[in-house]
Structure formats: C-alpha cells, structure tokens
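Below are the chains, spelled out letter by letter.
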Amino acid sequence: PVQAQEKKDVSLAVGGKPLLYYLPLTIAERKGFFKEEGLNVEINDLGGGSKALQALIGGSVDVVTGAYEHTLRMQQKGQDIRAVAELGRFPAIVIGVRKDLADKVKSAKDFKGLKIGVTAPGSSTAMMAQYAMVKAGLAPSDASIIGVGGGASAVAAVKQGQVDVISHLDPVIAKLEADKDIVTLIDTRTEQGTKDLFGGSNPAAVVYAKTDFIEKNPETTQRLVNAFVKALNWIRTASPEEIAAAVPDEYHLGDKGLYVAAVKSSKESYSRDAIVQKAGMESVVGMLKTLEPEFANAQFDTAKTFDPRFVEKAQKR
Amino acid sequence: MSRTFLLLLQVLVAVVIVLLWHVASSTGLFGDPKTIRFFFSTPVDVVTRIGTWFAGGTIWYHLGITLLESALAFGLGSVGGVVIGFWFARRPMLAAVFDPYVKAANALPRVVLAPIFALWLGLGIWSKVALGITLVFFIVFFNVYQGVKEVSPAVLANARMLGMNERQLLRHVYLPSALSWMFSSLHTSVGFAVVGAVVGEYLGSSAGLGYLIHQAEGVFDVTGVFAGMFVLMAFVILIDWIVTKVENRLLIWRPRPATAAG
Amino acid sequence: MSRTFLLLLQVLVAVVIVLLWHVASSTGLFGDPKTIRFFFSTPVDVVTRIGTWFAGGTIWYHLGITLLESALAFGLGSVGGVVIGFWFARRPMLAAVFDPYVKAANALPRVVLAPIFALWLGLGIWSKVALGITLVFFIVFFNVYQGVKEVSPAVLANARMLGMNERQLLRHVYLPSALSWMFSSLHTSVGFAVVGAVVGEYLGSSAGLGYLIHQAEGVFDVTGVFAGMFVLMAFVILIDWIVTKVENRLLIWRPRPATAAG
Amino acid sequence: MVRLALVSQDAPGARERAVMLDGVRITFDLAGGGTYEAVDTVHLAVEEHEFVAIVGPTGCGKSTLLNAAAGLLKPSAGTVRIFGEPLSGLNRRAGYLFQQDSLMPWKTALENVAIGLEVAGTPAREARDRARDWLGRVGLGAFCERYPHMLSGGQRKRVGLAQVLIRDPKILFMDEPFGPLDAQTRLIMGDLLLSLWSTDKKAVMFVTHDLEEAIALADRVVIMSAGPAARIIGDYRIPLARPRDIAEIKLDPQFHEAHREIWHALKEEVLKGYRQGDRS
Amino acid sequence: MVRLALVSQDAPGARERAVMLDGVRITFDLAGGGTYEAVDTVHLAVEEHEFVAIVGPTGCGKSTLLNAAAGLLKPSAGTVRIFGEPLSGLNRRAGYLFQQDSLMPWKTALENVAIGLEVAGTPAREARDRARDWLGRVGLGAFCERYPHMLSGGQRKRVGLAQVLIRDPKILFMDEPFGPLDAQTRLIMGDLLLSLWSTDKKAVMFVTHDLEEAIALADRVVIMSAGPAARIIGDYRIPLARPRDIAEIKLDPQFHEAHREIWHALKEEVLKGYRQGDRS
Ligand SMILES: Nc1ncnc2c1ncn2[C@@H]1O[C@H](COP(=O)(O)OP(=O)(O)OP(=O)(O)O)[C@@H](O)[C@H]1O
Ligand SMILES: Nc1ncnc2c1ncn2[C@@H]1O[C@H](COP(=O)(O)OP(=O)(O)OP(=O)(O)O)[C@@H](O)[C@H]1O
Ligand SMILES: [Mg+2]
Ligand SMILES: [Mg+2]
C-alpha cells in the first residue's frame, strides 16, 4: 500500500555539487527523478562536506549527500545520523606525484619529507594520503599536508611545483592528467586501486539524514532513495557522452573532452546496488582508528550507520 | 574637466585593461596563453557569457537575491553601526568596558562564523545578510565612534549652551558632524556588504551570484567566475553611485574649494 | 573611573559570557545541549585545549606565522592605503578617473580571489598577505581619502601662504589632519588584517591559526575551532592596544574634554 | 564715579545675585605635564538686572571666567552660584556668545538662529519666523539662507548674537561680541543689546577690549590683572544715567573721567602682563 | 590731508607697484543656485613701501579683496598684478594674517611660528631659535610649548602675527590683526609692525575696524562701500609725519581732522549697508 507522503518539499545539502563525486545527485535532479517521485528538492550547495553536515545538525536541511565517514564520526559525538543509500562505493580519490618527481617517488613509501596537497587539512583526501603512508610504514606526520583548495588553485599548486604529491578528486585530477602534470600512484576510482589500498570496497558518498527525520518521514525518505537508485541505474547504463550531455554545460570544465574522460575514469566508482557493504564499513572504521588517536579505542556500531530498508524496497520495484 | 571627457578617460582605462587581458590570453606575450586562459578566461568569452546570462534571464533571479541580501546587510549593518557607534561615543564608560570585545569580535574570521549563522538563521538569505552585517557593522561603527569624538568643541559647547538635551545634540550636532565620517565608511562598506552576501552564498546556498561563482569555480569554469565578478562589480558601482548622490545632497553645506564664479 | 574598576567590569563581561556559554552547553536551558556542544563546544574544553596547545608549544609556530602574515598585511595595506589615499585626494582628476575601478575592486569577494593569489604568489605566506592587504587597503584608503578632503580650509590656506609646497603641505597639514581618520581606519583594519590572513590560511596553506581552525573544522572538532578563535582574538586585542598607544602619542595635541585640574 | 571696594556686594538686602563666583580658582593641566594657574581666587557677584563689563589684558582669563560661570569648566577651587544655587553641570539659565566661531556649519544662518527656540519646543514655523525677524534686527535679513562659511567674520558674529538673544536667557555671557564689527555697527548692536536688557531683567557679563564700549554699556566695569594667576584688581561703578545714547555718551564729562581713571589702572596691568609673557 | 582721486596712482614715475588690483570683480556662487556679487570693479594699487589701511562696513568685501590679492580666490573679472606681473595661482611673495583662527592645531606655538622658516629651508634649530625670539616679541615667550587650543583668542592671534612676520615677506596682508587684543597690546603690536615695516621696504594692506588705528598706522586709508557690489568710495592720504608714536599721535590736530572727515564718509556707508542687509 502506498503510504501518504509526509513531506513534499525536501531541502538537501551538498558540499560542491558539480564534483563528479556527487554525479548521481546532479543526474537525479537533471533527469527529473525527484519530480517523478513527487518530490520538490531544494539543493543547497555548501563550501564543503563538513559544512553540509553542520547544516544538517543545525536543522537547516533535511538530508545530505556526503561522506559515509560522517555517520561514524557523528556516532562518536552522540548525533544519530544514518545513511540510507550509497552513491559511491570507492572514494574516487587519486594520489599522484608531480611528473618531474615520478622517477624518484614510486609509492607511498617515498612520501617522507614531501609536500602533499589535499583539498583541506582534515578532509578525506588528507586522510587517505595519510592512510596510504601508514600502510607503507610511515607515520602520518612524515610528510607535510598542505590544503590547496578544491578548484583551480589546486591545479596551480601542482603546476607551480608548490606541492610534490597531490591527493585529490576529479576534476582536478582529470585536468592534471590531461595536461600530463602528474603520474598516478594510487587510484581509488577503480576497484583494483581501492582493493590495493583498503583490501576491499570503501564507501564514499552516501545519502544520509538524521534518524529522527527518517523515522518521521519514511515515505519521503523512500521516494528520495527511489530517485537516487534510479539515477545510479541510469548512470550504470549510460555512456560517458550521454552523462556529459545530461549535466549542465558549465560543468564541462571548459572542455567537453576532458569531462568525458573524467567521467569514464570515475564511472566504475559509483555504487551498483546503493547498499553499503559491511566490509566497506569496517574498512572506514579501520582507517579512522588508524589515523585519529581519539578514535583508537572507540566503539563503533556500524549497524547503526546504515539503514538498508529503503534501498531494498527500491530495488524490489 | 567636462563630464564627457571624464567618462572618456574612464572608458579608456577599461579598454586598456581589457586589451591587456586579451593580449595575455591570446598571445604568448605574458606566458603560455593556454594557462592564462585556464586561470583568467578571455574577455570575449566572459562578455559572451554575461550576454547569455542576461539573454537567458535566469541571472536576474540570482542578481535579485544577491541584491536583496546586500541591501539588507548594508542597511541593517550601517544603521547598527551608526546607532551603536553613537551610543558608545556618548557613553564613554560603556565604550571602555566593551572596547576589547568589539575589537575582538571584529577579528573573527567570518568564514568560520558561517556555520553558526546557518545554524541560527538557516540557509536562506538571512545567514548571508548576517555575514554581510558582520563586515559592514564594524567599518561603520569605528568611523561613527571616531566621528562623534571629532565634533568641534566650540560648536558643541555652543549647542549645549543653546539648551540642547542629549537627543537634540545627537540630531543637530553629532549626527551632521559625523556625516562625512559615516559616508566615508559607507563607501567602504557598500563593497563589503556585497562581499559578505557573496561569501555567504559561496559557503552555502541555492541561489545568488556567489552561488553561481561557486558552481563555476568547482568545475574550472573560469569564464563563469569572471562573468559573475563583473556583474557584481557593475552592480556595486551602481549602489555606490546612489550613496554618493545621497552624500552630496546631505553635505551641501560644506565649503567647496574656494573659487568665485567665472 | 579607576583603571582597576574598569578592568573589573571588563572581566565581569567576560565572566557573564562564559557563564552563559557554560549553562547553554551543559543544561537544556537554551535548547539541546548536545547540539549546542556540537556547534559551540564548552568553555572548559576550549580552555583545556588552549592550555594543551601552549603547553605542547606547537601553537607558537602557527601563531608566529599568522602574526607575521597579519603584520605584513596590516603594514603594507595601510601604508598603501595611506599613500594612494593621499595621492588620489591631491589629484582630483586621477581620483575621478579611477574612482569606479577602486569601488569595483573593493567589491570583489576575497574568497574568489584566493586561487588567483595562490597562482601568482604561491601557497606561502605571501598569498595570505595579499588577501589581508585587499581588505586593509580599502578601509584605510577610503578614510584617508576623505580625511584629506576634510582639512580645515582656513588652516590649509594659511599653510599655503606660509610657502609650503605640495610635499610640505602633505607632511605638515594633510597628514596630521588626516591622522584621526587614519587611526580610525587602522582600528578597523587591525581586525581585518588578521581575518585576511586567517581566511587565506583557511583556503590553502600548511601552517597558521587558520590552518589549525580549518583542520579542526574538517573533523568537526569545534573545540579546536573555538580555541583557535580565542587565541586569535587575544592576539588582535594586543595589536590594537599597540595601535592605540601610538595613536595617543601622535594625537597629543588634541583638546581633551574641557575640565580644569582638580 | 565710585571706586568700589572689591567684593563690596556682600551687603545684605542687595538684589538677588544672578551669578556669584565665590573664590573661584582655575588651573589648567598642560599637555607636557605641569599646570598653569590661569585665575586666582576670584570673587565676583553679578546681580539681577546688572550689566557688568569685564576688561583686562589679553590672555588674563576673561573667557575662562565666563566658561566657569557657564558651567563649561569646573573651577579647581571655589563655587559658582546661579541665583543662589551652586552650579553643577551646565548653566541652563544662561546664553553665551563665544569668542570664537561656533555656529553649526551644517545649518544656514536662519536655522542656526531658530534652533535655540526649536529645541525649547517652539513650533518650527514660528521659530523660523522669529529667527528671520532677529536676523533682520542684526542687519542680516538678506542672508538667511547662507551657510556660515559663506558669511564674513562680522556677519557670523552677528548670527551668533541673534542665536543667543532670541532665546531670551536670564543671564547673558558675551565674549567680545562686537570684536569684528565696524564702529558704526557696534553702536547699533550696542543699542540693541541695551534695549533688550532694559525691557527685561537680565544679568549681563560682557567681555570687551574696548574700554569706551565697556563704560558706555555697563553698570560696573571689572578689571582683571594680567595672568598667570589673574585676579580682579578693580571694580568701578559707572554713574552714567539710563537710558543712555551710546553714540552721544562719549561727550559726557563723567564718561571722560571714568575712562581716564580706568584706563590708567588698566594700562599698568597690560604692561605688566606683557612683560610677564616673556618670562618662562 | 589730501582726498585722493580714486585710482590716482596712474601717474608715470610712481614707485613700482607691489599690488595692483585692476578692475577686480568678485561674484560668489550660492549653494542654492544664484550668485552674490560681493565686490564690484575695484581698482587699487599699493606701492612698494606703502602702508594702506582698508576700512569699511562689516561684510563689505575686505577679506574677499585680500583673498583675491593673495591668489586664494580667482576674481570673476579683472586682474591682480604683483610687482607688475599678473598673478596666477598663489601669491608667493606675500604673508597673510587671516581674520579667522588658522594656526595648525597639531603644532605648538613655537612650531607654528618656526614652520614658515623651516619650509623655506632654514635649519630647524635656527628656525626654532628665531621663532622663540619672535614669540617673545609678541609677548608670548612663556607660551612656546602650548598647542593652539590652550591659548586665549588674543594669544592665538599674536602667534599668527609672529608666524607671518617671521618670514619677512615683501607684501603683508593683515585682516584685523589686532581685533582680539586689548588697547594697550594693540599699541605695542602696532609699534612692532611699524618698526618692521620701516626698516624694510614692505607693502602692507591692513584691514581694520578701528579708524583711529588705521589713521595712526597707514599712509593711505581706503574706504569701501557697503555690499553687495561694494566699491572703493574713498582713498585718503594721511599726511602725518613718520616715524610716528602711535600712542601720542592721537593728540595731533591733523589726526583729528583726518579722523573726522573719514569717519563722516564711513558712517553714511555703514548705515546704508545696514539697511541693505535687510533687503533680500
Ligand atoms: N586648555 C588650556 N590649557 C592651558 N592653558 C589654557 C587653556 N585655556 C586657556 N589657557 C590659558 O589661560 C589663560 C586665560 O585664557 P583666556 O582664554 O581666559 O584669556 P582671555 O582673557 O579670554 O584672553 P583674550 O582676551 O586673549 O581672549 C591664558 O594665558 C591661556 O593661555
Ligand atoms: N563663499 C561665499 N559665498 C557667498 N558669499 C560669500 C562668500 N564669502 C563671502 N561672501 C559674502 O561676501 C561679502 C564680503 O565678505 P567678506 O568676508 O569679504 O567681508 P568683510 O569685509 O571681510 O567683512 P567683515 O568685516 O565682517 O570680516 C559678504 O557679504 C559675504 O556674505
Ligand atoms: Mg578670551
Ligand atoms: Mg573679513
């Protein structure tokens, strides 16, 4: 029986909507999947993933598309937040080294004393770079972490040689690859790269909301998840060119070819079934425990970070 | 100097800047034009983009939002600055006690405040207005505070002897005397009001010029960034022109540089 | 009013604020304390964190970087503002031509400029200094520009008749006359210099208070954010105190509120 | 002419005193530290409806004394009494025409004159009408709409005069009100002042450098010694009859006698003050 | 005493003219639109080593005329010639003592006086020494370190006097220089001025409201009519011998004759000006 819809207007926050990381959101919006579900979604673009989360906690928005890791962190802060659908199964972060250093720096082992550019200190790009170093037997503080921002400034930092290594996302990586400025060392946009680093999948972007909201608005949540599942399915079957055609022209990085190439390399990272795998959760928990001393002895209840009911229902249709 | 000549010179400056930009982004004179285009776009592209925006009409909506936010920030911030500035200037005790706190508050990085405003005021226009106010307020406040203290002692003594009470002194002496200070700060703060609104939008919103610029920045759409900035500038010049008109009207009593009629 | 009494009152204000904060973050009086803690942390935690920072000693390095950046931004920005302000005020033609461009430049959102500065000046301290300068410069500039125009016509005419050339007028008339305007703008811009530096660090850097705050923010460590802000504020109050000292020294000639000795 | 004993007004049964400076001393703090004793222990009483002129060498402390009586300056010692009550804060019953320019530059002549009435609650229209009338009386009917910087020195002074007189205060302090006026205009303004003063009980303290003017206008002429630590060194009652025609009074032999005597006393003081200025 | 024909100085062989106002007219723009014709077609020549006093009713345009001669105000018509050359821009050979306060408030009395020498390149130490000396001459030796707001009106004026005189300009414009001074100090300052003037060839234009002072000091007394459109309506040569003792000269019968004649001419004008002020 179709339940009555509790809420028609939903406000959603995202930290950097045009990023490929959040492609399913743009597709759901542009392809009209929200509308099909009878939802009116207002998308607020915030300065970063953490700002989006703050907006959720503060009650300014209902749902967020953001990193899965947030749900774990919030659990430690006593905030009850749950993911309802997975959008990206791999982090889609790439660690590359500047071309002129490529013959010296072959893996994370060689990062000692280098300058690593990340989107921002404390962000997931920074954490992944540090995680790679820890796995390679170094300490997280053996390299200096430099925030270089998200857009053109990150490209500038590499081009001008101000950082030696960069841990970043598309489109910065796509641009640097296209200009042949970096050599990729670790590529978590692919299954292989993610497996090499984490030993399995590692959930990245998810849709999450306060548990309160989910409980009070099950039908609205269901419809949201339906829309995202539709978008994921659409992405799986579409060609990179079709995807490029579906997003606004402004997203094309000033060069459609570049965008298509970026989509192609990221395509594998989008979630297949929108379900966060148990192994993936453990992998993220492992990373947190490794990198953050305050979490080293913390107890995480991963079952409380993801609510699979909605996805399962959506898949059944 | 005639108005047309002045205008001509002003346009000339713009032409020179655009020309330099054009040369830099299309020839190798100032470095690799491809890199320059990546960071600065080209004048033609930017103009085309602005044209498309205005032709398409969606820009009006964003412009309207930003305008509203800036106007509110400017209005509330400067009224607040004027009122508190006067109040502090007339209550030296109060001013002395709160002085360090005002100074400290002025040093808070507004970017960090954004989440707090979002918490209190939501993601609608009010959090942006608040951000704008935090910039405008301090600029106006410090100037008004100083302006009130600069009142000529002779004029003040005379006004007091004429029987003015505190309120009348404010209206007839302090306010007119501090006007040029106020206007000086208003010229600065027109720009800052817009900056506040745009930064607020940039940090989190669903509409406005800052939103457009942020969108464009994330995907290397420098053309969009510059187009947004130019629209913004045009629009600040407009507001400032209005402020100047009001200023000239209110400060009509001032001696102009002494020359007799021709 | 004695200095001790004043200090007492000032401390009282701080105590009240901290108390309110403490109550808000530990009881349900102002809403859910968990949410309040999420956004504001608690006084005890913040103090503990600041203690740890200073005990650990690493904070000095970050503080030093930020101090250096702010001082450079403040120094260069205000010298620039003073020089250009004077220059424009004394060359009305020049001022008229560039007026719209200055106003427009003042309206550029500094956050958007950050990548361009990073491109030109790298990720070291200079891009942060540049960002600070773009804030300080305009505040000082507009005030100096106005301050020069406010010189008493009688004093100016007298000075000219005494044979002063343009440079001497600047030194003996315009500069001292505009001093109170300058200092007013300096009080505002001390804060803004720091804001510029911190925002610059926030947008991309490897050290400084802004870096610390940003890092804390990324991992939802509000305690760190607030600890950073408090260190920042303490430090601005200090710089401002120095500015005030210099001001009092330089403006010794002003009439104080008229009272004879007791 | 009667040379009065200093502070001779202590006699009982005297008219009520409008202004009473009782042992007033004024010391200024100097910027570089140190103090400057401007006025030393002055006793001076001005009765209701008395016109007192104060003359003295430049820089002796005349303006300072008026400032103290107006409540703008707190004496370092002594008290100021206004109609018997010790003054604290501003003297609200007095009008004060300052020595230096003090019109509000952002108001026209008319607005400057009208403001005193307006702040006291007179409706704006009536205040303006009366102000226009007053500007006419000081010879500036055609200059109502001028801002102060568009007026000559003497015109500004006259606007100031109208500004003070229109409020009709019980006590008038005037610090060289006719300084920048030509002789003829001085006479006209003097007449104006006297006629106002005589129709209404007003106490006037009038500072001037023109001894003839002082004698022609005043009931008493007070002479101050040269500073620092200026004191009152002469207090002369002027026995000329009222009403006076100040243009013609100079022909009166009594006038001449008064003038000669006071002039003599004054001259000494001025020379003394002049020499004193040279010492450090 | 010789009543001069207006602009009678056109005769050839005359001494070189320091200041020559040739058909100068001055019209002000008013804030609300409209204009005010202050001075109408004035011809006036001041020769080297000539002391010209200008008297006239308040607001007639005396200060305006000095401003034009100093190059601070561009005449609407006519030319100003300084030593034969048309003046454009500031009159660099003149010193000007303004009617209103115009000391630099951020400089002490000493610094204010010394600055004129310093900007001309005198070493600071020497400039200060000479300034201290000058302050002594105007009776303010003890007030060197005072900022202007700590001085009385008359003291400020005297600092201004020293400020102008120390530079020893070839042409002196003085606008009511002795206004806020007592009679005795006036005499002393007048003596000072005359002695400076006579040791050195100086052209002086001296505005005053005190006709006696004008006659005592000047070679010529020029009378202006009341404004608007003020003109020169009298130009009297004073035949008193030099050097003069200005304290005693008032006893000279020639002085009295001159005074009576000029006073008569002036009185009419003042009354006219007074009535005119009433018209719109
Ligand atoms: N703020 C002050 N600080 C120090 N000294 C002052 C201050 N104000 C006035 N004086 C001194 O006090 C003395 C008296 O000043 P006051 O203005 O009363 O003189 P005055 O009699 O009005 O002289 P004048 O006729 O020149 O106006 C002067 O010597 C003056 O230098
Ligand atoms: N800026 C101005 N705009 C309009 N009118 C002015 C301006 N300056 C002066 N006037 C007018 O010009 C006339 C002459 O002024 P001026 O100051 O020369 O008079 P004055 O002869 O010096 O008078 P006083 O003896 O009172 O100083 C006055 O009527 C005055 O109102
Ligand atoms: Mg005085
Ligand atoms: Mg004058």
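Just so it is clear, the structure is predicted and the values come from calculations on it, not from any experiment.

Right, let's talk about the packing of aromatic side chains for a bit. Scanning the entire structure with this criterion turns up 43 aromatic pairs over all chains. A centroid spacing of 6.5 Å and a plane angle of 65 degrees characterise the contact between Phe 98 of chain C and Tyr 101 of chain C, whose relative ring orientation is edge-to-face. Pair noted here: Phe 98 of chain C and Tyr 101 of chain C are both in helix H5 (residues 92-106), with a separation of 3 residues, about one helical turn. Judged by relative accessible area, Phe 98 of chain C falls into the partly exposed class, the value being 31%. Of the residues examined, Tyr 101 of chain C reaches a relative accessible area of 26% and is grouped as partly exposed. Its end group placed over the ring of Tyr 36 of chain E, Arg 146 of chain D keeps NZ or CZ at 4.3 Å from the ring centre. A cation sits over an aromatic face here: Arg 137 of chain E above Trp 134 of chain E, 4.2 Å from the ring centre.

Time to look at the interface of chain E and chain C. Between chain E and chain C, the contact holds 23 residues from the first and 19 residues from the second. For the chain E and chain C pair, buried surface summed over both sides reaches about 2,000 Å², with 67% attributable to carbon and sulfur atoms. For the chain E face of the interface with chain C, the top three residues by lost area are Trp 106, Val 119 and His 149 of chain E, together amounting to 31%. Linking chain E to chain C there are 0 salt bridges. Viewed at the interface, chain C and chain E are joined by 7 residue pairs in polar contact (both at pLDDT 80 or more). Listed by contribution, the elements that provide at least two residues to the side of chain E that touches chain C are strand S7 (94-97) and helix H2 (109-119) of chain E. Here the element with the most residues in the side of chain E that touches chain C is H2 of chain E; it accounts for 3 residues. Taken together, the residues that form the side of chain E that touches chain C break down as 13 nonpolar, 6 polar and 4 charged.

On to the coordination of the magnesium ion (ligand 4), then. Around the magnesium ion (ligand 4), the protein supplies Ser 63 of chain E (OG) and Gln 99 of chain E (OE1) as donor atoms, at distances of 1.9 to 2.2 Å. Taken together, the residues span a long stretch of sequence, with Ser 63 of chain E in helix H1 (residues 62-70) and Gln 99 of chain E in the loop between S7 and H2 at a distance of 36 residues.

Turning to the interface of chain C and chain B, a few remarks are in order. Residue-level contacts link 63 residues of chain C with 63 residues of chain B. Area buried by chain C at its contact with chain B is led by Tyr 101, Val 112 and Phe 192 of chain C, which between them contribute 9% of it. Here Asp 240 of chain C makes a salt bridge to Lys 103 of chain B, at a shortest N to O gap of 2.7 Å. Here chain C and chain B share 17 residue pairs in polar contact (both at pLDDT 80 or more) between them. The element contributing the most residues to the side of chain C that touches chain B is helix H9 (residues 166-203) of chain C, with 11 residues. A per-class count over the side of chain C that touches chain B returns 46 nonpolar, 10 polar and 7 charged.

What follows covers the relation of the copies chain C and chain B. Aligned on chain B, chain C shows an RMSD of 0.2 Å; the corresponding rotation is 180 degrees and the shift along the axis is 0.0 Å. In symmetry terms, the pair is related by a two-fold rotation axis. A shared interface surface links the copies, since 100% of the contact residues of chain C are contact residues in chain B too.

Below, the discussion takes up the sheet that holds strand S1 (residues 204-205) of chain B. Hydrogen bonds along the backbone pair up the strands of a sheet, which may run parallel or antiparallel. Sheet architecture is open: 6 strands sit in the order S4(A)-S10(A)-S3(A)-S1(A)-S2(A)-S1(B), paired in mixed fashion. Each edge of the sheet is formed by a strand with only one pairing partner; in this case those strands are strand S4 (81-86) of chain A together with S1 of chain B. Relative to strand S10 (residues 205-210) of chain A, S4 of chain A is paired through 5 bridges, and the arrangement is antiparallel. Each bridged residue has a counterpart across the sheet, and for Ile 81 of chain A the counterpart in S10 of chain A is Lys 210 of chain A. Along the sheet, helix H10 (residues 218-237) of chain A makes contact with strand S1 (9-14), strand S2 (40-46), strand S3 (63-67), S4 and S10 of chain A, crossing S4 of chain A at roughly 35 degrees.

Moving on: the sheet that holds strand S6 (residues 85-86) of chain E. All names here are of chain E. Taken in spatial order, the 4 strands make up an open sheet running S3-S2-S5-S6, and their pairing is antiparallel. Two strands in the sheet have a free side with no partner beyond their single neighbour: strand S3 (35-47) and S6. As paired strands, strand S2 (residues 17-29) and S3 are joined by 9 bridges and run antiparallel to one another. Bridge pairing in S3 links Thr 27 to Glu 37. Docked against the sheet, H1 engages S2, S3 and strand S5 (77-82), running at close to 120 degrees with respect to S2.

A few words on the environment of Val 246 of chain C. With respect to the secondary-structure elements, Val 246 of chain C resides in helix H11 (residues 222-250). Note: C-alpha distance between Val 246 of chain C and Phe 183 of chain C (63 residues apart in sequence) is 9.3 Å.

This part covers the pattern of salt bridges. Residue and element names in this part refer to chain A. Summed over all chains, the structure comprises 57 salt bridges over all chains. A salt bridge links Lys 230 to Glu 37; the nearest nitrogen and oxygen atoms lie 3.2 Å apart. Taken together, the residues Lys 230 in helix H10 and Glu 37 in the loop between helix H2 (33-36) and S2 connect sequence positions 193 residues apart. On the basis of relative accessible area, Glu 37 is assigned to the buried category, the value being 8%. Among the ionic pairs, Lys 159 bridges to Asp 179, the shortest N-O distance being 2.8 Å.

Turning next to the pairing of strand S10 (residues 220-224) of chain E. All names here are of chain E. In terms of burial, S10 is largely enclosed, as 5 of its 5 residues are buried. In the sheet, S10 pairs with strand S11 (residues 232-237) via 5 bridges, with the strands oriented antiparallel. What sits directly across from Val 222, in S11, is Asp 235.

With that out of the way, let us pick up the domain arrangement of chain D. Residue and element names in this part refer to chain D. Segmentation of chain D into domains returns domain 1 (5-93 + 170-279) and domain 2 (97-168). Using only C-alpha atoms to locate each centre, domain 1 and domain 2 end up separated by 25 Å. The interface is formed by 20 residues belonging to domain 1 together with 14 residues belonging to domain 2. Between domain 1 and domain 2 lies a buried interface of about 1,400 Å² when both sides are counted; carbon and sulfur atoms form 66% of it. Between the two partners, domain 1 and domain 2, sit 1 salt bridge. Ionic pairing is found between Lys 202 and Asp 168, a salt bridge with its closest N-O pair at 2.4 Å. One can count 5 residue pairs in polar contact (both at pLDDT 80 or more) joining domain 1 with domain 2. Those elements that place two or more of their residues in the side of domain 1 that touches domain 2 are helix H1 (62-70), strand S8 (171-175) and helix H5 (183-199). The leading source of residues in the side of domain 1 that touches domain 2 is H5, at 5 residues. Tallied by class, the residues present in the side of domain 1 that touches domain 2 amount to 12 nonpolar, 3 polar and 5 charged.

Right, let's talk about the site of ligand 2 for a bit. Around ligand 2, the structure places 23 residues, and the nearest of them are Ser 152 and Gly 154 of chain D together with Lys 62, Ser 63 and Thr 64 of chain E. Around ligand 2, the nearby residues trace back to chains D and E. Contact distances for ligand 2 include 3.1 Å between an oxygen atom and a side-chain N or O atom of His 209 of chain E. Against a free-state accessible area of 630 Å², the protein chains account for coverage of 93% of ligand 2. Contributions of two or more residues to the shell around ligand 2 are made by helix H4 (153-165) of chain D together with S3 and H1 of chain E.

So, on to the site of ligand 1. Surveying the vicinity of ligand 1 reveals 23 residues, the closest of which are Lys 62, Ser 63 and Thr 64 of chain D together with Ser 152 and Gly 154 of chain E. With respect to ligand 1, the chains having nearby residues are chains D and E. Here an oxygen atom of ligand 1 and a backbone polar atom of Cys 60 of chain D are 3.3 Å apart. Gln 99 of chain D is positioned such that a nitrogen or oxygen atom in its side chain is 2.8 Å from an oxygen atom of ligand 1. Protein contact buries 93% of the 640 Å² of open area that ligand 1 shows by itself. Looking at the shell around ligand 1, the elements with two or more residues in it are strand S3 (35-47) and H1 of chain D together with helix H4 (153-165) of chain E. In the shell around ligand 1, the residues fall into 8 nonpolar, 12 polar and 3 charged.

Conventions and cut-offs
- Residues numbered from 1 in each chain as written.
- Chains lettered and ligands numbered in written order.
- Predicted model: local features only at pLDDT ≥ 70, side-chain atom pairs only at ≥ 80, totals over all residues.
- Heavy atoms only, no water.
- Phe/Tyr/Trp six-rings, centres within 6.5 Å; stacked < 30°, edge-to-face > 60°.
- Helix = DSSP H or I, 4+ residues; strand = E, 2+ residues; numbered from the N terminus.
- Buried < 20%, exposed > 50% of the residue type's maximum accessible area, 1.4 Å probe, protein only.
- Lys NZ or Arg CZ within 6 Å of the ring centre and 35° of its normal.
- Contact = heavy atoms within 4.5 Å.
- Buried area = accessible area lost by both parts, 1.4 Å probe.
- Salt bridge = Lys/Arg side-chain N within 4 Å of Asp/Glu carboxyl O.
- Polar contact = N/O pair within 3.5 Å; in protein donor to acceptor, adjacent residues only side chain to side chain.
- Nonpolar A, V, L, I, M, F, W, Y, C, P; charged D, E, K, R; others polar.
- Donors = N, O, S within 2.8 Å, 3.2 Å for Na, K, Ca; no water.
- Least-squares fit on C-alpha atoms with pLDDT ≥ 70 in both.
- Pairing = 2+ DSSP bridges.
- Axes fitted to C-alpha atoms, helices over the stretch in contact; angles between N-to-C directions.
- Domains from an automatic or database assignment.
- Near = heavy atom within 4 Å.
- Areas by Shrake-Rupley, 256 points an atom, 1.4 Å probe, with all protein chains shown as cover.

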